[in-house]
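This is what each chain is made of:
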Amino acid sequence: MSMQSFIRRTAFRMDPEKAHETALRALQAGGPLLVPAKGWFDKADASVHQHLMGLDFRAPVGLAAGYDKYGRAVRAWGRLGFGFAEIGTVTARPQDGNPRPRLFRLVDDEAIINRMGFNNDGAAITARRIAEARGGNGAGIPVAVNIGKSKVAPLDEAAADHLVSYRLLRGVADFVVVNVSSPNTPGLRELQDRDHLTAILGALRDEDASMRARDGRVPMPFLVKLAPDLPDAQIEDAVDLAGELGLAGVVLTNTTIARDGLLKNPADPAAGEQGGLSGPPVRARANEATRVAARRAAGSGLVIIGVGGIMDANDAWDRIASGASLVEVWTGMIYRGPGIARDITQGLVDRMRREGVGHISELVGSALSGGG
Ligand SMILES: Cc1cc2nc3c(=O)[nH]c(=O)nc-3n(C[C@H](O)[C@H](O)[C@H](O)COP(=O)(O)O)c2cc1C
């Protein structure tokens, strides 16, 4: 048995959340010891280096939000070959999240259902932790902070609640993702409508402008993260709004509340659990949502980050061809292991060579042309 399958079998005997905590602790403790990835990134090839949103991405595969909610392993992600990492979701104040159990494996489908509910340490503590990790030789990759509404904040006070988090986290974030698409905070996804989005994102943009007037920093790139369950027209509207508000881009998608993507074992008892479904069952819809957003965003300069069901290099290839400049993984970390970012990047580089694609930017959106 390979080391990888031994670790997987051992982890899969543990409670899923305990196994996740154990993995994170190991990465936190061992992060500084992991072989620095610089050499690997160089080997990873200039063909996948991109300059987007004013930032350098040496590899296109990032860590999706919710894996390192507490910002505990910030130094580890670059060393594992991730080109960027999204920390959070972070809320204004610490939250416990929902009662356990709240994380379920659907092994036959390589899927997960979660209803974590934004358990996190709150913006002040998380900001301090990220700042410490980024001192010295730091993370070595762009670090995004994903922010979301506190459970106790009413929907119509969401903008003010996000501002509390933003003021605390601005100094440690290279870009900020606003998460209005988690299914596990009651009412949260209503924030995806035009009025709420305008209030929240407009307030963040204005706050950033007034902070910049004082400290002269570069503008913060803001992105909004959407649910796969939105109808196409609402995705298009959110993309239009992102352009109108001067955002940097859109992240698609979060987990789904649908269950029809379960292909292998719809009878899995875990399939009846409430929460958001991730992994291969969300792949087709996440890919389609990316296409819808990318078509709408054509020519706008908005960056699309694709996430949902990306387990290998071919999945990443398809998502990039659908218009994502960058991709992210969460569920793939559980089923394919911590080497997933390197494997995907290497697989992309190899396939680009085979197919005569000189640079990843030529692949971005290449499946859209002629599709109408
Ligand atoms: C256990 C778990 C927790 C998550 N927590 C968050 C979160 O806090 N914020 C967020 O924006 N997305 C969160 N997500 C969603 C992921 O970032 C990602 O959008 C989704 O899982 C689809 O990608 P995947 O199929 O690669 O897992 C979470 C996903 C899982 C499985």
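Everything numeric in this text was worked out from a predicted model, so none of it was measured. Every chain is numbered on its own, with residues counted from 1 as its sequence reads. In keeping with the model being predicted, local features are shown solely for residues with a pLDDT of at least 70 and side-chain atom pairs are shown and tallied solely at 80 or more, while totals for entire chains, interfaces and linings include all residues. Remark: hydrogens and water are excluded; side-chain values derive from all non-hydrogen atoms of the structure.

> I would appreciate a short explanation of the pairing of strand E4 (residues 84-90) in the present structure.
When a strand is regular, its side chains alternate between the sheet's two faces. Counting buried positions along E4 yields seven of seven residues, so the element is predominantly enclosed. Any two strands are treated as partners once DSSP identifies two or more bridges connecting them. Working definition: helices are DSSP H or I runs of at least four residues, strands are E runs of at least two. Numbering for both runs from the N terminus. Two strands pair when backbone bridges link them, and strand E3 (residues 61-63) and E4 are joined in this way by two bridges, in the parallel orientation. Paired with leucine 63 across the two strands is alanine 85, which belongs to E4. When the strands point away from the viewer and the path from the first strand over the helix to the second turns clockwise, the crossover is right-handed. You can see the chain leave E3, run along helix H4 (residues 74-79) and come back into E4, and the turn it takes is right-handed. Strand direction decides the pairing type here: E4 and strand E7 (residues 143-147), joined by five bridges, are parallel. Within the sheet, the bridge partner assigned to valine 90 lies in E7 and is isoleucine 147. Using a 1.4 Å probe on the protein chains alone, a residue whose accessible area is under 20% of its type maximum counts as buried, one over 50% counts as exposed, and one in between counts as partly exposed.

> Teacher, can you tell me more about the pattern of salt bridges here?
Any two side chains of opposite charge can pair, on the condition that their charged atoms come close. The working definition used for a salt bridge is a side-chain nitrogen of Lys or Arg within 4 Å of a carboxyl oxygen of Asp or Glu. The full count for this structure, using the stated rule, is 23 salt bridges. Here arginine 134 ties to aspartate 174 by a salt bridge, and the two come within 2.7 Å at their closest N and O atoms. Of this pair, arginine 134 sits in helix H5 (residues 123-134) while aspartate 174 sits in the loop between helix H6 (158-169) and strand E8 (175-179), placing them 40 residues apart in sequence. The class for aspartate 174 is partly exposed, based on a relative accessible area of 21%. A salt bridge links arginine 285 to aspartate 232; its shortest N-O distance comes to 2.9 Å. Taken together, the residues span a long stretch of sequence, with arginine 285 in helix H9 (residues 283-297) and aspartate 232 in helix H8 (residues 232-244) at a distance of 53 residues. Here arginine 285 falls in the partly exposed class, since its relative accessible area comes to 25%.

> How should the site of the ligand be read in this particular structure?
We call a residue near a given molecule or strand whenever any one of its heavy atoms falls within 4 Å of it. Taken together, 23 residues sit near the ligand, with Ala65, Thr89, Gly279, Gly309 and Thr331 positioned nearest. Identification of polar contacts relies on pairs of N or O atoms within 3.5 Å, with a donor-acceptor requirement for protein atoms, meaning one able to donate a hydrogen and the other able to accept it, and with residues adjacent in sequence counted only if both atoms are side-chain atoms. Contact distances for the ligand include 2.8 Å between an oxygen atom and a side-chain N or O atom of lysine 225. Contact distances for the ligand include 2.7 Å between an oxygen atom and a backbone N or O atom of glycine 309. Residue burial considers only the protein chains on display, and all accessible areas are found by Shrake-Rupley using a 1.4 Å probe. Starting from 610 Å² of accessible surface for the ligand in isolation, the protein chains cover 98%. When residues of the shell around the ligand are traced back to their parent elements, those giving at least two are E4 and strand E6 (111-114). When residues are sorted by character, Ala, Val, Leu, Ile, Met, Phe, Trp, Tyr, Cys and Pro go into the nonpolar class, Asp, Glu, Lys and Arg into the charged class, and all the rest, Gly among them, into the polar class. The class makeup of the residues in the shell around the ligand is seven nonpolar, 14 polar and two charged.

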